[in-house]
Amino acid sequence: MTPPSGIAPRSPHLDIDALLDDRSVKVIVCCGSGGVGKTTTAAALGLRAADRGRDVVVLTIDPARRLAQSLGLTELDNDPRPVAGVSGTGSLSAMMLDMKRTFDEFVESNADPERAAAILANPFYLSLSSSFAGTQEYMAMEKLGQLRARAAAERTWDLIVVDTPPSRSALDFLDAPRRLGSFLDGRFIRILAAPAKAGGRAYLKVLSAGFGMFTSVLSKVIGGQVLVDVQTFVASVDTLFGGFRQRADDTFAMLQAADTAFVVVAAPERDALREASYFVDRLEADSMPLAGLVLNRVQTTSVPDLDAATATSAATRLEGGSRTSVTAALLRIHADRVATLDRQKRLAERFTAAHRDVRVAAVPSLAGDVVDLDGLREVGASMARHP
Amino acid sequence: MPLGTPGLADLRLDTPPGHPAPYAQPVPTTSDVAPGRRSPDWPAVRLHVVSGKGGTGKTTVAAALALALATGGRKVLVVEVEGRQGLAQIFDVPPLPYAERRVAVAPGGGEVFALAIDPEEALVEYLEMFYNLRRAGTALRKMGAIDFATTVAPGVRDVLLTGKAKEAVRRKKDGVPVYDAVVMDAPPTGRIARFLNVNTEVAGLARTGPIRSQADAVMEVIASRLTAVHLVTLLEEMPVQETADGVAHLREAGLPVGGIIVNQVRRPLLSATAQAKARKGKLDLAAIAADLEAAGVVTPSGALEGSHGMVLTADVVAALAAEGADHAERVALEQRERDDIQALERPTYEIPFLPDGVDVGALYDIAEQLRGQGIA
C-alpha cells in the first residue's frame, strides 16, 4: 500500500505522537478552512493524547451531531464533561462552545448583578452577543483563556485541544478578536460613548460641527436608537472589563507562547490548501508556533504502478467482450482513484514547494463517517502512522 | 427526470442494469417540455442564492449555474459576498474589483459578469446614492465609522451585501432589466437564513430609518418568488445534515427554498450484485485474474505488465478487489444520504465527481449538465 505520506514525499514528517507526548505543549490549536475535518481532527488528537496518558480537554465549536454524541456532548452546557472510554491513566473531557452563554457569563462575572442585568438586556448587547461576525472567535478565545486558567489553578487538565470556528476564512480566527477588541475599546466607540457618560444627548450640541455631521450620518445609516443603545452599552461596560482590546491582546500573546502548538488542517483541494498556505505564512509572520499540517482525505492506492490510462484502456477492451465484466468496473474504479491521487499530488506539491520546512501528516480518506470513539481512534492512529 | 435527458446521458450509460435508479429526481410538474430538454424549473426566479456547507463546492456551483442561466444569449451577474475572490479563481481571471466585469461567454452568445461585493464600498455607494455624501466617506473611514458600520454594527453588513444584489436584480435600462438573472455565491448553510433574513436581523436595532427601509426593500425581493435559495451538498453525513437544517431554518424564516444540488456524486460502477459481493469480500478473484490477463494488464507469467518492481497478479487482484469494496461501501453510504435528501422533497440536481478536478472547461460541462437536469 502506498502510504498517504506519498502525497508529500519531500516534506518532513509531522510526528503526531511526539507532539502529543511533549508535556511542555499545553495548548494545541486546530485551524483551517471549513469542511476539511477540523473538528474530527481536534477530537481525534484529544482522544489519542488521553489514551497516551494525558489529561485532555477538547473545546469544539460546531461538531457534527454524531461526532458530538460519540463524545457524550448531547446538550450545550458550555462546560467540559468527562468522556468515558479512555484507556489507561489519562482522561478526556469535551465541551461545545455556546457563544452567547460564554459572553453572558463573562459579563456576569465581571459586573455587579444590577449592572450585569442592565448589560444583558441592552439591545446592542443582544445583537453583539448572538449574531456579530467575530463574536464566536472572540468567545472561543475567551473560553480558551478560562480553560487555561482553570487547568493551571485546579490541575484538572494538562492539555487543551481547541477547534476553531468555521470562519469566512481561516485567518478570521486570529483577527476577529482583535478587531472586535479594538472597536469596543477604540477611539470611535469612545467618541460615541462620550455623550452618554456626560449625561445624555444634549452634550452632542456642544461638540464640533464635524462630529455633528458624523453622528448624523451614522444615525441615518444605523438609526438613532442604535446609537443610544451603543452608548449605554459602552458606558456600562467601559469601566468594568479592563478593556476588551487588552483581553484580545492577552489572548494573542498567549497564542504566541512556546507552550502553544498550531496544527493547520487541510484537505488536498485547491481552496483548502490556499487557506492553509495563507495561515502558515501568517503564523510565521506573527511568531506563532506551528507544529505542522494535517492533510486529511488523502487518496491512496495499493497498485500505484497501474496508471489511470492503462487501467481505462484495459477496461474498454474488456467491455468490448460479450459478458458484463466486474473486472472492467474494478479497473475504472482504480483509474478514478489514481486520477484523484494524481490531482491531489499536484495540489500538495504546490503547497510543499512554497513551504518546504512545514511538517506534514497525511491521513487517508475514509470510506465512511466517524461516529464513535473507535472511529476517532482509527483517525488518530492513521494520523500518527510513520511513513 | 425524463429518461434520455442529455447532460447526464454519459453517466447513464455507465449505470449498470438493475441498479436502483441513482439519479432519480422528483419531477416538478411542467407542461411544456421542450424537445430534448426539460423546461427550466425556476422560470420566475431572478435571484439564485447558492449556499452550502464549507467544502461542498458552492462557489463552483454558483459559477456553473451562472453559465447555465446565461446559455442561449442571456446576461447573468454572479456576485460573491465574502471577500474571498473565489469567482476569480474559478473563472481564471485576475482578482475582481468592486465593478461588474465580464468573466465568461456562455454557449449561444450569453454573457456572465462577476462582481465581488465589498461592504465598505457598498456603504459609500449607498451614502452617495441616498444622501450625496460621497466625500463624507473618507472622513468617516478615518474615524473608523465605516469599519464600525460594516463590521461591528450587527446586521448592517448583511443589509449592504444583500442590498447590492437586490439592486442588480432591480436595475433597468430603458425599462428592461439589465440582467436576466443574478446568482449569489452566499455564506455557508449554517449562516444562510440569518444572512438573508435581514429584516429580523436589524429589527432590534433599527425600527425606522433608512437601514430599515433598505432591509424592507431587500426582503421584498428575497422573500418573494423572485428568489430561490439553492443548497449544495455532498453525499456525506455532515453536509446532508446541514442541508436538512438549512432547509428547516429557511422555511421557518419564510425564505424561498430552491433546489438541492448534490456535488461530487460517485458513479456506481459496480452492478448491484457485484456491489454486494464486493462489500462482503466475495468477488471471484480467479475470474478477475483471468480477465486481467485477457486484457493484457498482467503477463501470463503472473506479474503486472510494464512494472519495474515485481508486482504479482495476486497482489493486483487483491488490491483492485479492496478498492472495489471501498467504492461499494462509499456508494452504499451515498445511497443512504441520497434517501435523506429525497425526504426533503425539493428538486434535486446531481453533479458527478470529477477525479481530475474543476477547471474552466469542466465548469462548462457542469453548466450543461445542470441545464440538462432543468435547473436553467
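The structure displayed is predicted, hence computed values, not measured ones.

So, on to the overall build of chain B. If you tally the helices and strands in chain B, you get 15 helices and ten strands. Considering chain B as a whole, with its 376 residues, one finds that 50% of them fall into the buried category. In chain B, 74% of the contacts between residues at least 6 apart in sequence involve partners at least 24 apart.

This next bit is on the overall build of chain A. Scanning chain A from terminus to terminus reveals 16 helices and eight strands. Going through the 387 residues of chain A one by one, you find that 51% of them count as buried. Sequence-distant contacts, at least 24 apart, represent 78% of the contacts inside chain A between residues at least 6 apart.

Moving on to the environment of N296 of chain A. Residues and elements named next belong to chain A. Of note, N296 is situated in strand β7 (residues 290-298). A count of 25 C-beta atoms within 10 Å places N296 in the buried class. In this structure, the C-alpha to C-alpha distance between N296 and G37, residues 259 residues apart in sequence, is 7.0 Å.

The next subject is the sheet that holds strand β8 (residues 360-364) of chain A. Residue and element names in this part refer to chain A. Strand order in the open sheet made by the eight strands is β3-β4-β2-β5-β1-β6-β7-β8, with mixed pairing throughout. Of all the strands in the sheet, just β3 (81-82) and β8 have a single pairing partner and so form its edges. Looking at chain direction, strand β2 (residues 55-60) and strand β5 (residues 159-163) are connected through four bridges and run parallel. The partner of V57 across the bridge, within β5, is I160. The strands that helix α13 (residues 270-285) touches are β1 (27-31), β6 (260-266) and β7; relative to β6, the one it contacts most, it runs at about 160°.

This part is about the confidence of the model for chain A. Looking at chain A, the pLDDT average stands at 83 and 82% of residues meet or exceed 70. Note that pLDDT drops below 50 for residues 196-209 of chain A; the model gives that stretch 13 contacts with residues more than four away or on any other chain.

Moving on: the nonpolar core. Core analysis: the largest hydrophobic core is formed by 94 residues, its most contacted members being I28, I160, V161, V264, A266 and L295 of chain A. Sort the elements by how many residues they give to this core and helix α2 (residues 38-51) of chain A lands first, with seven residues. When we break this core down by domain, the ones giving at least three residues each are domain 1 (4-173 + 244-304 + 345-384) and domain 2 (186-242) of chain A. Discounting residues that sit within four places of it in the chain, I28 of chain A has contacts with L45, L159, V161, A261 and V263 of chain A. Listed in part, the 91 residues of the second largest apolar core include A66, V76, A145 and I260 of chain B.

All right, on to helix α10 (residues 210-222) of chain B then. All names here are of chain B. Helix length check: α10, at 13 residues, gives a terminal C-alpha distance of 18 Å against a target of 18 Å (1.5 Å per residue), a fit within 8%. Taken residue by residue, α10 has I211, Q214, A215, V218, M219, V221 and I222 as its buried positions. Projection of α10 onto a plane perpendicular to its axis shows the buried side chains occupying an angular sector of 155°, all on one side. Counted as exposed and oriented over 90 degrees from the buried face of α10: S213 and D216.

Another point: the pairing of β1 of chain A. All names here are of chain A. Among the five residues of β1, five are classified as buried, and the element is accordingly described as predominantly covered. Burial along β1 is two-sided: V27, V29 and C31 facing one way and I28 and C30 facing the other are all buried. Bridge analysis of β1 against β6 gives five bridges, and the strand direction is parallel. Looking at the pairing, C30 lines up with V263 of β6.

All names here are of chain B. With respect to burial, strand β10 (residues 348-352) is a largely interior element, four of its five residues being buried. As judged from the four bridges shared by strand β9 (residues 257-265) and β10, these two strands associate in the parallel manner. Bridge assignment links V265 to a residue of β10, and that residue is P352.

All names here are of chain B. Spatially, the eight strands line up as an open sheet ordered β3-β4-β2-β7-β1-β8-β9-β10, and their pairing is mixed. At either margin of the open sheet sits one strand with a lone partner, and together these are β3 (101-106) and β10. Strand-to-strand twist across the sheet, computed as the mean angle between neighbouring axes with direction ignored, equals 25°. Here strand β2 (residues 75-80) runs beside strand β7 (residues 181-185); their pairing, made up of five bridges, is parallel.

Right, let's talk about the confidence of the model for chain B for a bit. Residues and elements named next belong to chain B. Averaged over all residues, the pLDDT of chain B is 85; the fraction at 70 or higher stands at 84%. Ignoring residues within four places in sequence, the model shows residues 1-35, a span with pLDDT below 50, making 48 contacts including any to other chains. ipTM for the predicted complex: 0.81, alongside a pTM of 0.84.

A word on helix α15 (residues 360-372) of chain B. Residue and element names in this part refer to chain B. The end-to-end C-alpha distance of α15, which contains 13 residues, comes to 19 Å, matching closely the 18 Å that a straight helix rising 1.5 Å per residue would cover. When we look at burial in α15, the residues that qualify are L363, I366, A367, Q369, L370, R371 and G372. Buried-residue contacts for α15 involve α2 (58-70), α3 (86-91) and β10. Two residues or fewer after α15 comes G374, characterised by a positive phi angle close to 95°.

Basis of the calculations
- Residues numbered from 1 in each chain as written.
- Chains lettered and ligands numbered in written order.
- Predicted model: local features only at pLDDT ≥ 70, side-chain atom pairs only at ≥ 80, totals over all residues.
- Helix = DSSP H or I, 4+ residues; strand = E, 2+ residues; numbered from the N terminus.
- Buried ≥ 20, exposed ≤ 12 C-beta atoms within 10 Å, placed from the backbone.
- Contact = placed C-beta atoms within 7 Å.
- Pairing = 2+ DSSP bridges.
- Axes fitted to C-alpha atoms, helices over the stretch in contact; angles between N-to-C directions.
- pLDDT = per-residue confidence, 0-100.
- Core = buried A, V, L, I, M, F, W, Y, C linked by C-beta atoms within 7 Å.
- Domains from an automatic or database assignment.
- Expected span 1.5 Å × (residues − 1).
- Arc of directions from axis to C-beta.

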